[in-house]
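# Fold and geometry: a report
Take a look at the letters that make up each chain.
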Amino acid sequence: MQSPWKILTVAPLFLLLSLQSSASPAYNDLSRPSYSNGHTCVGCVLVVSVIEQLAQVHNSTVQASMERLCSYLPEKLFLKTTCYLVIDKFGSDIIKLLSADMNADVVCHTLEFCKQNTGQPLCHLYPLPKETWKFTLEKARRIVKKSPILRYSRSGSDICSLPILAKICQKIKSAIEQSVPFKDVDSDKYSVFPTLRGYHWRGRDCNDSDESVYPGRRPDNWDVHQDSNCNGIWGIDPKDGIPYEKKFCEGSQPRGIILLGDSAGAHFHISPEWITASQMSLNSFINLPTALTDELDWPQLSGVTGFLDSTVGIEEKSIYLRLWKRNHCNHRDYQNISRNGASSRNLKKFIESLSRNKMLDYPAIVIYAMIGNDVCNGKSDPVPAMTTPEKLYSNVMQTLKHLNSHLPDGSHVILYGLPDGTFLWDNLHNRYHPLEAQKGGKHRHSSRAMLHEKSGESAGNSDLLQGRQGSPRVSLNAAIAECLQSTRPFCFPGQLNKDVTYAHLYSFLNCLQVSPCHGWMSSNKTLRTLTSERAEQLSNTLKKIAASEKFTNFDLFYMDFAFHEIIQEWQKRGGQPWQLIEPVDGFHPNEVALLLFADRFWEKVQLQWPQILGKENPFNPKIKQVFGDQGGH
């Protein structure tokens, strides 16, 4: 999970790369060769591939396909404007190279967005040209020899270097680095703004001018005059003069849910529509600005703290929504303290963003779920960079001591183990990726027959399983059946040319040393086994900590990250294992998987440790009757 979002944020447009990359210093590794910036190379190859796709699908010129792509992008965040600037700067050379049958790898090496450093292997996504690489690259360079863009300085592509944007870029960078809301007037770590670490990540503030008002606190004077804890319950019942908060919540054991996690917990998601030309339209990128300002994460739909209804036609709810259903007094008491690239090693850099006062606030359930990055990295030899059991013990104990000094008495902490990631290669390596690149050729014909293949011939996930904009509310089994029986590209993407498998993608990212997890996303079975063995060792360390360590303000528990149980449940419903993984990055658990994990978590806790969840509040119907949706989320 080495910050894969940095790779893909450059896909819509190159000039946003610097802002997104600089926002995540916890994941940067200065000792790694730059490969002329591997993230930029991946972004270039993705963009050029999409341009080829659009020309092929619409039987249009390359110029028209570039303009079409820009027309699809929204105005927000200067996305459309920046896209047209990129066309103006690089478009003429891209047209010349694609018209000469050069593929995306050759184009990006020619334009120097990709570069083979001395002594390093040649990194490419597509099969090498029939002629030698050196000959092909020299031929491509002659085509654009007189182009002014090769003198263009890549350092000048930093959009944040513009004086008008420098200050706001710095504020955004700081907010993301510290994992606190960008817009927070009273500095209580809660916001009325959704993205940039706002209420998509933690409960919405109900008074951003008063730092004593925030979700999760014990009510001030039973909230007679105002809603001090933002759960939507306040005032006095005129029938008996008793404050509603006292009547409905006293003794109900309210509690919040807090996640300390990585990109999986934050629900990292790249929409397949963003890179699949046959699915692109004016609606495809509507949510792109929101996604970018949430670091390409979707915590509002995550398995732990999600508060929106599922977009995938599944009935399971997040842990937070289950806690709210159990006790409406828990309304808005959630915090997703997750970051892309987070691990036991760098959690200390942003754990201060956790908001809990052990004297003023309610207890909390804290889930520690650093499930990948202690064994995952993008280095050419990833094993030495993996966290050792001894170091994990030290890191986790430091985290637990911090929690003990901040959590109210009566809290609970659950340590999640690491998964066996060999599942990824075993189930995905020979399946087709959503990227449908053109094989090359000046004549780019579009045939509807090319866009629809028989079910089962190539890989991907149903749009019902991946949608983000109000997918039909259908039963999960029906969604699976429709996906498996249909010919939708989202069920089986990548079939336009069948030239990019996940094995190709994994190899490309590993070569550039920007893979989210070289250890598991590798053709080397020995390396995959070593990575799983280290993950098991770290899980055993967490298990020992939970069994032996005691703290004054919380009980400590351990839970296996049993992905095989989720697979079994999914298969019982008629699904396939690969449908549980994000189709674009081929690595993260998708929304279905996260909600199934939430369901399994809830079942295990109810059975083994029911005290963690608190009581069911008998006044829930009364709360709904008096306060409706409690102010929403």
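Below: a short report on this structure. (Residues numbered from 1 in each chain as written. Predicted model: local features only at pLDDT ≥ 70, side-chain atom pairs only at ≥ 80, totals over all residues. Heavy atoms only, no water.)

Along its length, the chain carries 22 helices and five strands. The buried share of the chain, taken over its 633 residues, is 62%. The long-range share in the chain, meaning contacts at least 24 apart out of those at least 6 apart in sequence, stands at 75%. Accessible area of the chain: about 24600 Å², with a carbon and sulfur share of 52%. (Helix = DSSP H or I, 4+ residues; strand = E, 2+ residues; numbered from the N terminus. Buried < 20%, exposed > 50% of the residue type's maximum accessible area, 1.4 Å probe, protein only. Contact = heavy atoms within 4.5 Å. Areas by Shrake-Rupley, 256 points an atom, 1.4 Å probe, with all protein chains shown as cover.)

For the structure on display, the rule yields 17 aromatic pairs. Between Tyr-502 and Tyr-506, the ring centres sit 6.3 Å apart and the planes meet at 50°, which makes this aromatic pair tilted. Residue Tyr-502 and its partner Tyr-506 are located together in helix α18 (residues 502-512), separated by four residues, close to a single helical turn. Judged by relative accessible area, which is 2%, Tyr-502 ranks as buried. A network of ring pairs unites the aromatic residues Tyr-416, Phe-423, Phe-561, Phe-563, Phe-597 and Phe-601 as a single cluster. (Phe/Tyr/Trp six-rings, centres within 6.5 Å; stacked < 30°, edge-to-face > 60°.)

Our focus in this paragraph is the packing of helix α13 (residues 389-406) against helix α19 (residues 525-548). For the pair α13 and α19, the least separation of the axes is 10 Å and the interaxial angle reads 40°. The orientation of α13 relative to α19 falls into the category oblique. Crossing angle aside, the handedness with which α13 passes α19 is right-handed. Contacts between α13 and α19 pair Pro-389, Leu-392, Tyr-393, Val-396, Met-397 and Leu-400 from the former with Arg-534, Gln-537, Leu-538, Thr-541, Leu-542 and Ile-545 from the latter. (Axes fitted to C-alpha atoms, helices over the stretch in contact; angles between N-to-C directions. Parallel < 35°, antiparallel > 145°, perpendicular 65-115°, else oblique. Left-handed = near helix turned anticlockwise from the far one by under 90°.)

Bringing the sheet that holds strand β3 (residues 364-369) into the picture now. Strand order across the open sheet formed by five strands is β2-β1-β3-β4-β5, with parallel pairing between neighbours. Where the open sheet ends on each side, the last strands, each with one partner, are β2 (334-338) and β5 (554-559). Shown here is a sheet whose adjacent strand axes are inclined to one another by a mean of 15°, direction ignored. (Pairing = 2+ DSSP bridges.)

What follows is about α18. Along an α-helix, residues three or four apart share an orientation, since each turn contains 3.6 residues. Burial analysis of α18 places eight of its 11 residues in the buried class, which makes it a mostly covered element. Note on α18: the residue one or two positions beyond its end, Gln-513, has a positive phi of about 60°.

What follows deals with unusual backbone geometry. Apart from glycine, the bulk of residues carry a negative phi angle, and the bulk of peptide bonds sit in the trans form. Positive phi, close to 70°, is recorded for Asp-101, a residue that is not glycine. Within the secondary structure, Asp-101 sits in the loop between α5 (79-99) and α6 (104-110). A relative accessible area of 43% places Asp-101 in the partly exposed class. Despite not being glycine, Glu-295 has its phi angle at roughly 65°, a positive value. Locating Glu-295 in the fold gives a position in the loop between α11 (288-293) and α12 (319-326).

Attention shifts here to the nonpolar core. Counting 146 residues, the largest nonpolar core has Leu-400, Leu-415 and Phe-563 as the members making the most contacts within it. Residue contributions to this core peak at 11 residues, all from helix α3 (residues 38-57). Split by domain, the residues of this core number at least three in each of domain 1 (35-148) and domain 2 (256-426 + 519-627). Apart from the residues lying within four places of it in its own chain, the contact partners of Leu-415 are Tyr-368, Val-396, Leu-400, Leu-542, Ile-545, Ala-546, Leu-556, Phe-557, Tyr-558 and Met-559. The next biggest cluster of nonpolar side chains, apart from the first, holds seven residues, and it includes Ile-233, Tyr-244, Cys-249 and Ile-623. (Core = buried A, V, L, I, M, F, W, Y, C linked by side-chain atoms within 4.5 Å. Domains from an automatic or database assignment.)

Let's shift gears to a negative patch on the surface. A surface patch of negative charge is lined by Asp-420, Asp-426, Glu-533 and Glu-536. Looking at the element boundaries, Glu-536 is found in helix α19. (Patch = residues over 30% accessible without salt bridge, like charges linked within 9 Å, V, L, I, M, F, W, Y side chains within 5 Å. Salt bridge = Lys/Arg side-chain N within 4 Å of Asp/Glu carboxyl O. Lys, Arg positive; Asp, Glu negative; His and termini not counted. Charge placed at Lys NZ, Arg CZ, Asp CG, Glu CD.)

As a further point, take the pairing of β5. Buried residues dominate β5, accounting for five of its six residues. Bridge count for strand β4 (residues 411-416) against β5 is six bridges, and the pairing is parallel. When the sheet's bridge partners are listed, Ser-411 is paired in β5 with Phe-554.

What follows concerns the environment of Leu-392. Examined against the element boundaries, Leu-392 turns out to sit in helix α13. Sequence separation between Leu-392 and Asp-374 is 18 residues; the distance between their C-alpha atoms is 8.2 Å. Excluding anything up to four places from it in sequence, Leu-392 contacts Ser-344, Asp-374, Thr-387, Leu-538, Thr-541 and Leu-542.

Quick look at the packing of α12 against helix α21 (residues 591-608) now. α21 packs onto α12 with a crossing angle of 50° between their chain directions and a minimal axis gap of 9 Å. For the element pair α12 / α21, the angle class is oblique. On α21, the residues that touch Ile-319, Arg-322, Leu-323 and Arg-326 of α12 are Ala-598, Asp-599, Phe-601, Trp-602 and Gln-606. In terms of residue class, the contact of α12 with α21 is built from five nonpolar, one polar and three charged. (Nonpolar A, V, L, I, M, F, W, Y, C, P; charged D, E, K, R; others polar.)

Here the focus is the state of the cysteines. Counting across every chain of the model gives seven disulfides. The disulfide that involves Cys-70 links it to Cys-83, with 2.0 Å between the sulfurs. On the S-S bond that ties Cys-70 to Cys-83, the torsion sits near -80°, and the link is left-handed. With Cys-70 in helix α4 (residues 62-72) and Cys-83 in helix α5, the pair connects residues that are 13 residues apart, well separated along the chain. The residue that forms a disulfide with Cys-123 is Cys-511, at a sulfur-sulfur distance of 2.0 Å. With the S-S bond torsion at -80°, the cross-link from Cys-123 to Cys-511 turns out left-handed. With Cys-123 in the loop between α6 and α7 (133-143) and Cys-511 in helix α18, the pair connects residues that are 388 residues apart, well separated along the chain. (Disulfide = S-S within 2.5 Å.)

Its 20 residues give α3 an end-to-end C-alpha distance of 28 Å, which sits within 8% of 28 Å, the value for a rise of 1.5 Å per residue. In terms of burial, α3 is a largely internal element, 20 of the 20 residues being buried. Among the residues of α3, the N-terminal cap falls to Asn-37, whose side-chain oxygen and the backbone nitrogen of His-39 are separated by 3.1 Å. The first or second residue beyond α3 is Asn-59, which carries a positive phi of 50°. (Expected span 1.5 Å × (residues − 1). Polar contact = N/O pair within 3.5 Å; in protein donor to acceptor, adjacent residues only side chain to side chain.)

Okay, the environment of Asp-426 next. Mapped onto the elements, Asp-426 comes out in helix α14 (residues 422-428). Separated by 152 residues in sequence, Asp-426 and Trp-578 place their C-alpha atoms 9.5 Å apart.

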